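Read off the chains here:
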Amino acid sequence: KNLPASKSMDSGILPDYSYRMDYPEMGECVIINNKNFHRQTGMLPRSGTDADAASVRDVFMKLGYKIKINNDLSCGDIFKLLKNGK
């Protein structure tokens, strides 16, 4: 959903380009963490991606977001997730 821009001018960023961070609930952060890929892609496992996903999770948790981590999704699964939210 669209939320109104922040009215704070302290940051020096124009209000139209900032995101309000003072809502009681900030919403949901969806993390897609693909480490292992289908054999047909020819892609090797991405080492380090779990640490990256954990770092992103920690930042957004501290900002008040609900976190949903999805591991090793196919292209089709990613489209379904983003389209349906499931």
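To start, this report covers the structure provided alongside it. (Residues numbered from 1 in each chain as written. Predicted model: local features only at pLDDT ≥ 70, side-chain atom pairs only at ≥ 80, totals over all residues. Heavy atoms only, no water.)

1. Observations concerning the overall build of the protein
Part 1 of the argument: Helix and strand counts for the protein stand at 2 helices and 2 strands.
Part 2 of the argument: Ordered by position in the sequence, the α and β elements of the protein form the string β-α-β-α.
Part 3 of the argument: For the protein, the residues scored as buried account for 14% of the 86 residues in total.
Part 4 of the argument: Considering only contacts within the protein whose residues lie at least 6 apart along the sequence, 51% involve residues at least 24 apart.
Part 5 of the argument: On the protein, roughly 7,100 Å² of surface is accessible, and the fraction owed to carbon and sulfur atoms is 55%. (Helix = DSSP H or I, 4+ residues; strand = E, 2+ residues; numbered from the N terminus. Buried < 20%, exposed > 50% of the residue type's maximum accessible area, 1.4 Å probe, protein only. Contact = heavy atoms within 4.5 Å. Areas by Shrake-Rupley, 256 points an atom, 1.4 Å probe, with all protein chains shown as cover.)

2. Some thoughts on the pairing of strand β2 (residues 66-71)
Part 1 of the argument: Summarising the sheet, strand β1 (residues 28-33) and β2 pair through 6 bridges and their orientation is parallel. Residue pairing across strands places Ile32 opposite Asn70, the latter belonging to β2.
Part 2 of the argument: In this view, the connection linking β1 to its parallel neighbour β2 by way of helix α1 (residues 49-62) has right-handed handedness. (Pairing = 2+ DSSP bridges. Right-handed = clockwise from strand over helix to strand, strands pointing away.)

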